[in-house]
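What follows is the residue order along each chain.
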Amino acid sequence: MAVRQGNNISLYIDIDATAKAADETALDDAYTAIQGITGCSISVSNATYETNFKNVTPATGSAPPALASTRSYSVGTTTTTLSVEGVFDPGLSNNASAIFDEVAPSDGNKTVMGVYIRDEAAGFGCIGGVGFCTSFELSAGMDDFVTFSASFELTGDPHIIASA
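Rules used in this analysis
- Residues numbered from 1 in each chain as written.
- Predicted model: local features only at pLDDT ≥ 70, side-chain atom pairs only at ≥ 80, totals over all residues.
- Heavy atoms only, no water.
- Buried < 20%, exposed > 50% of the residue type's maximum accessible area, 1.4 Å probe, protein only.
- Helix = DSSP H or I, 4+ residues; strand = E, 2+ residues; numbered from the N terminus.
- Pairing = 2+ DSSP bridges.
- Phe/Tyr/Trp six-rings, centres within 6.5 Å; stacked < 30°, edge-to-face > 60°.

(A) View of the pairing of strand β1 (residues 9–14). In terms of burial, β1 is a largely internal element, six of the six residues being buried. Every second residue of β1 is oriented toward a common face, with Ile9, Leu11 and Ile13 on one face and Ser10, Tyr12 and Asp14 on the other, all of them buried. Here six bridges tie β1 to strand β5 (residues 113–119), and the two strands are oriented antiparallel to one another. By the bridge assignment, isoleucine 13 is partnered in β5 with valine 115. Two elements, β1 and strand β2 (residues 32–34), share three bridges in a ladder whose sense is antiparallel. Residue pairing across strands places isoleucine 13 opposite threonine 32, the latter belonging to β2.

(B) Representation of the packing of aromatic side chains. Counting across every chain of the model gives two aromatic pairs. Between tyrosine 31 and tyrosine 116, the ring centres sit 5.7 Å apart and the planes meet at 75 degrees, which makes this aromatic pair edge-to-face. Of this pair, tyrosine 31 sits in the loop between β1 and β2 while tyrosine 116 is found in strand β5, placing the two residues 85 residues apart along the sequence. Residue tyrosine 31 is classed as buried on the basis of its relative accessible area, which comes to 7%. By relative accessible area, tyrosine 116 is classed as buried at 1%. Measuring from centroid to centroid gives 6.2 Å for phenylalanine 136 and phenylalanine 148, while their planes differ by 20 degrees, and the two rings are stacked. Highlighted residues: phenylalanine 136 in strand β6 (residues 126–140) and phenylalanine 148 in strand β7 (residues 146–154), separated in sequence by twelve residues. Accessibility assignment for this pair places phenylalanine 136 and phenylalanine 148 in one class, buried.

Shown next, in the form of structure tokens:
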């Protein structure tokens with residue numbers, strides 16, 4: 001049984017990912033590790049569609065043609081969402097504000113970014129792809145830590161990079 005511990009998970013983003021291929025084999029130096037991640041999840045779903053049709057058996061001799069109702073299913077679009085949560089520390093150089101800057105940039109231009117979740121334990125790779133940050137939230141309670149959460153939707157299928 002494989003076990004993933006939240007304290008071994010890191011989020012890596014690359015803001016200039018528009019030229020990145022979806023089949024990267026390694027995270028290059030352009031990827032920045034966002035600090036303070038305490039948990040993450042990945043959700044992959046496939047849309048399915050149903051087709052109803054009739055199978056026709058042609059007429060033979062004196063037997064009339066026969067119609068048989070048939071139903072078929074197939075897989076359509078894959079949707080992948082990566083979600084992270086963590087503790088926001090303004091003293092960290094690579095904190096969650098890097099994500100916020102892309103969700104609500106001052107110039108109004110939202111950008112495509114490369115986003116990968118990686119298990120920092122030896123022997124494990126990472127999963128992710130290219131997509132958009134769809135939500136970002138900072139939350140602060142009275143006498144409590146500031147926490148954040150963010151969700152990313154990939155524009156293509158998820159991609160796994162094996163560990164080096």
